[in-house]
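Descriptive analysis of the structure
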Amino acid sequence: MMILTKKMIEIRNILSKVGQSSTLTLPSIVVIGSQSSGKSSVLEAIVGHEFLPKGSNMVTRRPIELTLVNTPESKAEYGEFPDLGLRKITDFTSIQRTLTELNMAVPDTECVSDDPIHLTIYSPHVPDLSLIDLPGYIQVVGQNQPLELKQKITELCDKYIQPPNVILAISAADVDLANSTALRASRRVDPRGERTIGVVTKMDLVDAPRGAAILNDKQYPLRLGYVGVVSKAPTTSSLFKKDTGNLMAAISKNENAFFSSHPVEFGTDAGVAVGTTTLRKKLMHVLEQTMSASLQSTSDAIQQELEEATYEFKVQYNDRPLSAESYLAESLDAFKHSFKQFAEEFGRPQMLQLLKNELDQRVLDLLAQRYWNKPINDLSPATPEPDSLADLPKADPESLYWHRQLDASTSQLTKLGVGRLATTVVANTIQSHIDRLIAQSTFASHPFARQAITEAASSILNDRYYSTSDQVENCIKPFKFDIDLEEREWNAGRENVANVLKNELAACQNATKHLEDAVGGKRKLKEVVTFIDRVRKGDTVIEGEGRSGAGGFSAALLQKGREAVFLRDRADIINMRLLAVRSRQCKSMTNKYYCPEVFLDAVASKLAATSVLFLNVELLSEFVYNFPRELDQRLGRHLSDEQMERFAKEDPKIRKHLEVIRRKELLELVLDKMQSLRQLEGREKASQRGA
Ligand code: GDP
């Protein structure tokens, strides 16, 4: 008999994990009663330990779903909070403390919550039972308590006292049964009194004949009857309470003494049920009966639910099996594969291009700074200065001035920190390629994995950063002293820089177009530019240009105008230099002082080529080797099951897929257990008939 209930409780627990509809549940015993009716005392008498929160300030605020597990082979008594991962708590004071904290975590303003606390107690002294303790009904709403509290408690209790649950309605003997809130509530949902057990507490507080009369009550008949108890331990038992195991003995001794001192009213012939032991047996019996009665309907409901899950799995997911682990492994493989492809496509030529583009920009900056400079940032008349560009084609190869210009430019280029620049450019590019790979992978919808991958990449890149940039800087060191160009290099430089200049020209034109759009047209911009030109030539003088602008133009417009003038001048220069670079003069390396653009471009190419050799060894190859390993470290199989689960469920589609599978598995498991249970039940019935 015991085995049946135990197994059914097990099934009940699995079902609670399937969640969802209320039909998928096996009955439990729901304990209701008004505050101070002695509800906690009854529960503690059944368990044999003081473990429920105590105090006057609404200490039970959440349902406590209490599972009692009888462990006949073991002496140990302990509790577990499965939701909190708290296992084997042997100290019942500690259980009480945890329960108090969990209840008090519900703020005063809400006072009750319908989020249940799950507690399982294992002991050789408890029967297999599944009980739910609910907040006690209150008569008056206290200070600091929400006005609708009474209502909230009633609603919470109503939710639990629905069929097929058994109601344990607690009433105190010293209160008229007609006034018992518990009985009134139970009558609303169980008008014929078919699944309510009446418990009358504090039998010691009324005289025996009156007590017996209450238990024989015919006014509120209950099919499962009333049981009278005295569940208060004798006051001297504070000693026993500490010695927890004896609470049960103490109570029952006290209770027995009371009932046996009134044999006429409570004796075996009196026809009333009294005592906690009687109550315990009744609970076991009723729960088993009820569970067994709902076995069929529950298993039908499960069968139906299972069919639905199976159908969903077939239709939506094509019966495709999936586990968090396999999903992660497949995603990781696919990602590593895409990385491998990237690694094959990204090598020395690509790095060279990147680096060269970066250095081209630096060369342009240098040229602008040393050769192309013109005063453009003020509105004052142009100061006369040697027009270096106009002079450039005539630059005397012996002239110290042009030597110094080119030497200084070259030195600035070689010393600009190529090591760091090159490493940064390549590292950033790798990182952004990884970001792109992530965005294109299944990991895109997984913040956890995305972060892990990004960190994997940046940790390797950061690790290599300093040594790589030092290495690169070291190998370009010779160029800081001496640059030896070959004809071929010169020619390549000439060709390349022409393209760079052309692109720069296009960029200038583009920027000018933007300015035109910004000021409202070509004409408008031209007007401002003309004005600025006149000022620069000294044709017009303006008195201290203020915030409001000058010459009828706003300050903002003038600023745009200045930018346009700068762009125009820059374009003029570039055009001129483009002609020079293409001219016969720049064909030969001997004319390098005429053609600093070509020379600097050739130097930049040398720097880039040398840097790339070392970037390849120190950074890229290291990265390609280590990155997949680092991924395995962070996302590989040694993630815990929970981590994998959490990861997979980040994607709502996968989450749903996994949940369908899990539900299906749980339902199958439950159904299986139920079938064997019914066989067991059948055998028991047969053997009872035989006996
Ligand atoms: P709850 O608020 O319904 O949980 O009630 P408690 O179990 O905390 O009991 C309320 C008060 O009634 C406490 O002071 C108990 O000691 C007392 N009490 C509980 N059961 C009995 C009993 O059978 N006899 C007597 N005399 N007092 C009891």
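Residues numbered from 1 in each chain as written. Predicted model: local features only at pLDDT ≥ 70, side-chain atom pairs only at ≥ 80, totals over all residues. Heavy atoms only, no water.

**Quick word on the overall build of the chain**
- Regarding its fold elements, the chain presents 23 helices and 10 strands.
- If you take every contact in the chain between residues at least 6 apart in sequence, the share linking residues at least 24 apart comes to 81%.
- Within the structure as shown, the chain displays about 34800 Å² of accessible surface, and the carbon and sulfur contribution to it stands at 50%. (Helix = DSSP H or I, 4+ residues; strand = E, 2+ residues; numbered from the N terminus. Contact = heavy atoms within 4.5 Å. Areas by Shrake-Rupley, 256 points an atom, 1.4 Å probe, with all protein chains shown as cover.)

**Quick word on the nonpolar core**
- Grouped together as the largest cluster of nonpolar side chains are 102 residues, with contacts concentrated most on Phe 335, Trp 372, Ile 434, Phe 443, Ile 453, Phe 623 and Phe 627.
- By residue number, the principal contributor to this core is helix 21 (residues 596-635), which donates 16 residues.
- Look past the residues within four positions of Phe 623 in its chain and what remains in contact with it is Phe 339, Ile 430, Ile 434, Ala 457, Ile 460, Leu 461 and Pro 628.
- Ranked by size, the runner-up nonpolar core spans 57 residues in total, among them Ile 117, Leu 283, Ala 301 and Leu 666. (Core = buried A, V, L, I, M, F, W, Y, C linked by side-chain atoms within 4.5 Å. Buried < 20%, exposed > 50% of the residue type's maximum accessible area, 1.4 Å probe, protein only.)

**Considering the sheet that holds strand 6 (residues 129-133)**
- Taken in spatial order, the 10 strands of this open sheet run 4-3-5-2-6-1-7-8-9-10, and their pairing is mixed. Edge positions in the sheet fall to strand 4 (86-89) and strand 10 (273-274), since each of these pairs with one other strand and no more.
- Bridge count between strand 9 (residues 226-228) and strand 10: 2 bridges; the pairing is parallel. Within strand 10, the residue paired with Gly 228 across the bridge is Val 274. (Pairing = 2+ DSSP bridges.)

**A look at the packing of aromatic side chains**
- Counted according to the given criterion, the structure contains 17 aromatic pairs.
- Each ring, one from Phe 258 and one from Phe 266, has its centre 6.0 Å from the other, and the planes form 40°; the classification is tilted. Each member of the pair, Phe 258 as well as Phe 266, carries the same accessibility label: buried.
- Feature note: the residues Tyr 327, Phe 335, Phe 339, Phe 342, Phe 346, Phe 443, Phe 623, Phe 627 and Phe 647 constitute an aromatic cluster, connected by ring pairs. (Phe/Tyr/Trp six-rings, centres within 6.5 Å; stacked < 30°, edge-to-face > 60°.)

**Considerations on the environment of Ser 459**
- Relative to the helices and strands, Ser 459 resides in helix 16 (residues 447-475).
- In this structure, the C-alpha to C-alpha distance between Ser 459 and Phe 627, residues 168 residues apart in sequence, is 9.5 Å.
- Setting aside residues up to four positions removed in sequence, Ser 459 forms contacts with Glu 630 and Arg 634.
- One polar contact links the side chain of Ser 459 to the main-chain carbonyl oxygen of Ala 456, over a distance of 3.2 Å. (Polar contact = N/O pair within 3.5 Å; in protein donor to acceptor, adjacent residues only side chain to side chain.)

**With respect to the pattern of salt bridges**
- All told, the structure shown has 33 salt bridges when counted by the stated rule.
- Residue Arg 192 is joined to Glu 194 by a salt bridge in which the shortest nitrogen-to-oxygen separation is 3.7 Å.
- Classification of Arg 192 as exposed rests on a relative accessible area of 66%.
- Two residues, Glu 681 and Lys 685, come together in a salt bridge whose shortest N-O distance is 3.8 Å. On the criterion of helical spacing, the pair formed by Glu 681 and Lys 685 is a turn pair, its members being 4 residues apart in helix 23 (residues 652-690). (Salt bridge = Lys/Arg side-chain N within 4 Å of Asp/Glu carboxyl O.)

**Some remarks on the site of the ligand**
- Residues in close proximity to the ligand total 14 residues, the closest being Ser 36, Lys 39, Ser 40, Ser 41 and Asp 204.
- With respect to the ligand, the side chain of Ser 41 contributes an N or O atom lying 2.5 Å from an oxygen atom.
- For the ligand, an oxygen atom lies 3.2 Å from a polar atom in the backbone of Lys 202.
- Judged by the fraction of its atoms near the pocket grid, the ligand is located in the largest pocket.
- Each residue belonging to the shell around the ligand can be placed in one class, and the counts come to 2 nonpolar, 8 polar and 4 charged. (Near = heavy atom within 4 Å. 1 Å grid on protein atoms, 1.4 Å probe; cavity = no way out; pocket = protein on both sides within 12 Å on 5 of 7 lines; lining within 4 Å. Sits in = over half its atoms within 2 Å of the grid points. Nonpolar A, V, L, I, M, F, W, Y, C, P; charged D, E, K, R; others polar.)

Bear in mind that shape data such as this cannot, by itself, settle questions of function.
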